[in-house]
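Here are the chains, one letter per residue:
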Amino acid sequence: MDILGISCYYHDAAAALIRDGELIAAAEEERFSRLKHDSGFPTHAIRFCLEAGGIDARDLDYFVFYEKPFIKFERILLSSLQTVPRSWRVFREAMVHWLLDKLWIKGLVRNELGVEAEKILFCEHHLSHAASTFYPSPFQEAAILTVDGVGEWTTTAAGYGRGTEVTLTKELRFPHSLGLLYSAFTAYLGFQVNEGEYKVMGMAPYGEPKYVDKVRKLIDLKEDGSFWLDMDYFSYHYSLDKTFNRRFEELFGPPRTPESYFFTPSSGYPSYFGAKPPDYEEKARQNQHYADVAASIQTVTEEALLNLARALHRETGLANLCIAGGVGLNSVANGRILRETPFERLFVQPAAGDGGGALGAALWAYHSLLGKPRTFRMEHACWGQEYPDSEVRAFLEETGIPYTYLEDEEALIDRVVEAIVDGQVVGWFQGRFEWGPRALGNRSILADPRRADMKEIVNTKIKFREPYRPFAPSILAERAEEYFDLPGAAEVLPARFMLLVAPVREDKHEVIPAVTHVDGSGRPQTVVADQSPRYHRLISRFEEATGVPALLNTSFNLRGEPIVTTPANAYNTFASSGMDLLVMNHHLVEAKPNQP
Amino acid sequence: MIGKIRSMGAKFGIAGELIAFLWERKLWWMIPSITLLLLFGLLIVLTEGSALAPFIYTLF
């Protein structure tokens, strides 16, 4: 039985195909369209999934959309009415989008893909999230927590999964949303909403949570785990271009200038910012205030999630917890939930955000609706398209790019390790691309984690990222506990997907400085030999050469672009950056002397 | 032509489902205002064609 799930028209459009309950393929549309966070109808991702399954859309048994458009439409109409006349512009834009596209999704699927109307199903947004994390987890029984901006009406849901059933017992509704609270601060701190949230998370350790009391004025955390926002401080429920209002600014001061350089007295001033400005001291002091605000909202978000998780544990008494929704990508909070709540085991699926809803919707139809048994466990994230050596070679030959072909796997790995030990930055492209926002060794940029200056080298050469954003390590799963305070690290599944932050052991801070954040934490990806044999061998060989079983791993993309998909994307990124070596399966391309 | 007719047919079907949905959700008391809103929305769509407003965060 073939079921295709899709998500689109909101944030990250994606498609996922399951066959008899096993995942065949899953990908986000942005990887093909090259538009970051592409929310359009996922034509390319659907085509890829169908091709991977060797079927036509007409052969599908079910086609499942990840939310219920009518209920969402109801929320837009009712909340627009509640805030008239301030909501006028929101209403106007919403009508244009809904009356032109979003209401007619069923008709679009019928007409464009030829799927019969009775095969098209709709699953509620948070139920899709819940299904996306529980069904691929290894648990037969688990509590479930889904937290994001907003779905139809729901912003937070809690419940449990048992066998093939997922039951959500509680929910919080719009506009009371932890995701939208965090997004309001993301905008206040000068970042793009739905894109810069992880920058706020990275900025937080440079500050002190001095303004927790002020943030607590905006959100009231209740004993039963729920929360309530004071909407007098926000405008996201009626405004198109502002998420917070004047009262918010009176509380926290004027917002940070969007995309301005961020540096504090303790962050350093990276060379790629150019010369220090004449008012460096003043700017550093101002930025310290914003870092303190970031630390405060991060602290309160963690408190809110811990509060929710503890209440859910009291209610269910279960040992396992599955998390999903955009807030599930807050890896610092995930780490604290595992360490500080009574839950013993945690699962977060790699595409925890809206993209993952495509997978959840398909699994919900198969297990919950049809009652079919569970067999699938997600132990790796490589569900995207693969480009075999023949395609890599065809691209290189066609474009006349000089390359070396190394068939001998061991010789290739030796060559790559030699380059990394030598301080070079390597583009590493192999196999199927990853599902979700993290590069986990198939579309990665690799470097030496032992060198403190490597963070700036990678930033200067390739990523041009803000200096406060940490780089993460890929570490051999069996050695992770030596480096991280993460008991049973090899079995902690969110760590396989780089979705959990843990303290780096004190004696290792100086061993892997490039991947140790300013607060002594790190976001490891534990690499398991069974799941990623080639990547595991590469790190093992690096360990043989240096004694350190880890590599600096960052996503293979330029700033603001989606992670590379094809050999052409990889080469273009390589050629327009300062990377030293590009490895595509068994093909090596070296940087030209005049390359930037 | 047949494609267009089919597409129109599908849209009428969905519009019918939407009305049934509103009825089922006991929103019948709101039908006059929602109809007005929808007509107003339709007018916006017909007059503006596309939306290019610089919204910061779409909640729809």
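Definitions and cut-offs
Residues numbered from 1 in each chain as written. Chains lettered and ligands numbered in written order. Predicted model: local features only at pLDDT ≥ 70, side-chain atom pairs only at ≥ 80, totals over all residues. Heavy atoms only, no water. Pairing = 2+ DSSP bridges. Helix = DSSP H or I, 4+ residues; strand = E, 2+ residues; numbered from the N terminus. Axes fitted to C-alpha atoms, helices over the stretch in contact; angles between N-to-C directions. Contact = heavy atoms within 4.5 Å. Parallel < 35°, antiparallel > 145°, perpendicular 65-115°, else oblique. Left-handed = near helix turned anticlockwise from the far one by under 90°. Nonpolar A, V, L, I, M, F, W, Y, C, P; charged D, E, K, R; others polar. Domains from an automatic or database assignment. Salt bridge = Lys/Arg side-chain N within 4 Å of Asp/Glu carboxyl O. Polar contact = N/O pair within 3.5 Å; in protein donor to acceptor, adjacent residues only side chain to side chain. Core = buried A, V, L, I, M, F, W, Y, C linked by side-chain atoms within 4.5 Å. Buried < 20%, exposed > 50% of the residue type's maximum accessible area, 1.4 Å probe, protein only.

**Re the sheet that holds strand β1 (residues 2-7) of chain A**
Residues and elements named next belong to chain A.
Then step 1. If you walk across this open sheet you meet the 5 strands as β3-β2-β1-β4-β5, and the pairing is mixed. Each edge of the open sheet is held by one strand with a lone partner, namely β3 (22-28) and β5 (120-122). Neighbouring strand axes in the sheet, compared pairwise and without regard to direction, differ in orientation by 20° on average.
Then step 2. With 4 bridges connecting them, β1 and strand β4 (residues 62-65) associate as parallel partners. Across the sheet, the residue bridging to isoleucine 6 is phenylalanine 65, located in β4.
Then step 3. Where helix α13 (residues 357-369) meets the sheet, it contacts β1, β2 (14-19), β3, β4 and β5, and its direction lies at approximately 30° from that of β2.

**Observations regarding the packing of helix α3 (residues 69-82) of chain A against helix α4 (residues 88-100) of chain A**
Residues and elements named next belong to chain A.
Then step 1. For the pair α3 and α4, the least separation of the axes is 11 Å and the interaxial angle reads 160°. Taken together, the axes of α3 and α4 are roughly antiparallel relative to one another. Crossing geometry of α3 relative to α4 is assigned as left-handed. Of α4, the residues touching α3 (which contributes Pro69, Lys72, Phe73, Ile76, Leu77 and Ser80) are Phe91, Ala94, Met95 and Trp98.
Then step 2. Of the residues assigned to the contact of α3 with α4, the class counts are 8 nonpolar, 1 polar and 1 charged.

**Let's talk about the domain arrangement of chain A**
Residues and elements named next belong to chain A.
Then step 1. Per the domain assignment, the segments of chain A are domain 1 (2-135 + 353-369), domain 2 (178-346) and domain 3 (389-590).
Then step 2. Distance between the C-alpha centres of domain 2 and domain 3: 28 Å.
Then step 3. Each side of the interface is counted separately: domain 2 has 21 residues, and domain 3 has 27 residues.
Then step 4. At the junction of domain 2 and domain 3, the tally comes to 0 salt bridges.
Then step 5. At the junction of domain 2 with domain 3, the criterion picks out 5 residue pairs in polar contact (both at pLDDT 80 or more).

**Here we look at the nonpolar core**
Residue and element names in this part refer to chain A.
Then step 1. Ile6, Phe63, Phe234, Phe252 and Leu321 are the most contacted members of the largest nonpolar core, which has 216 residues in total.
Then step 2. Among the elements that take part in this core, helix α11 (residues 280-316) stands out by supplying 13 residues, more than any other.
Then step 3. Apart from the residues lying within four places of it in its own chain, the contact partners of leucine 321 are Phe139, Ala142, Ala143, Ile144, Leu145, Ala309, Leu312, Ile337, Phe343, Arg345, Leu346 and Phe347.
Then step 4. Ranked by size, the runner-up nonpolar core spans 6 residues in total, among them Tyr272, Phe273, Tyr280 and Ala284.

**Here we look at the side chain of A:Asn557**
Then step 1. Structurally, A:Asn557 is set in the loop between β20 (550-555) and α20 (567-575).
Then step 2. Here the side chain of A:Asn557 touches A:Ser555 through a polar contact of 2.8 Å, side chain to side chain.

**Here's the deal with the pattern of salt bridges**
Then step 1. Inspection of every chain in the model, using the stated rule, returns 34 salt bridges over all chains.
Then step 2. Salt-bridge contacts for B:Glu17 lead to A:Lys106; the nearest nitrogen and oxygen are separated by 3.1 Å. With B:Glu17 in helix α1 (residues 2-24) and A:Lys106 in helix α5 (residues 105-113), the pair connects residues from two separate chains.
Then step 3. Using a relative accessible area of 35% as the deciding quantity, one classes B:Glu17 as partly exposed.

**A short note on unusual backbone geometry**
All names here are of chain A.
Then step 1. Look at the link from valine 84 to proline 85: it is a cis peptide, with omega at 5°.
Then step 2. For proline 85, the position within the fold is in the loop between α3 and α4.
Then step 3. Cis geometry is found at the peptide bond from phenylalanine 174 to proline 175, where omega equals 5°.
Then step 4. Within the fold, proline 175 resides in the loop between β8 (165-173) and α7 (178-188).
Then step 5. In this structure, aspartate 20 takes a positive phi of about 50° despite not being glycine.
Then step 6. By the element assignment, aspartate 20 lies in the loop between β2 and β3.

**Focus on the packing of α11(A) against helix α12 (residues 331-340) of chain A**
Each pair of packed helices can be summarised by the angle the axes make with each other and by the distance between the axes.
Residues and elements named next belong to chain A.
Then step 1. It is at 10 Å that the axes of α11 and α12 come closest, and there the two elements cross at 40°. The orientation of α11 relative to α12 falls into the category oblique. Once α11 is placed against α12, the crossing between them reads as right-handed. Where α11 approaches α12, its residues Gln298, Glu302, Leu305, Leu306, Ala309 and Arg310 are matched on the opposing element by Val332, Ala333, Arg336, Ile337 and Glu340.

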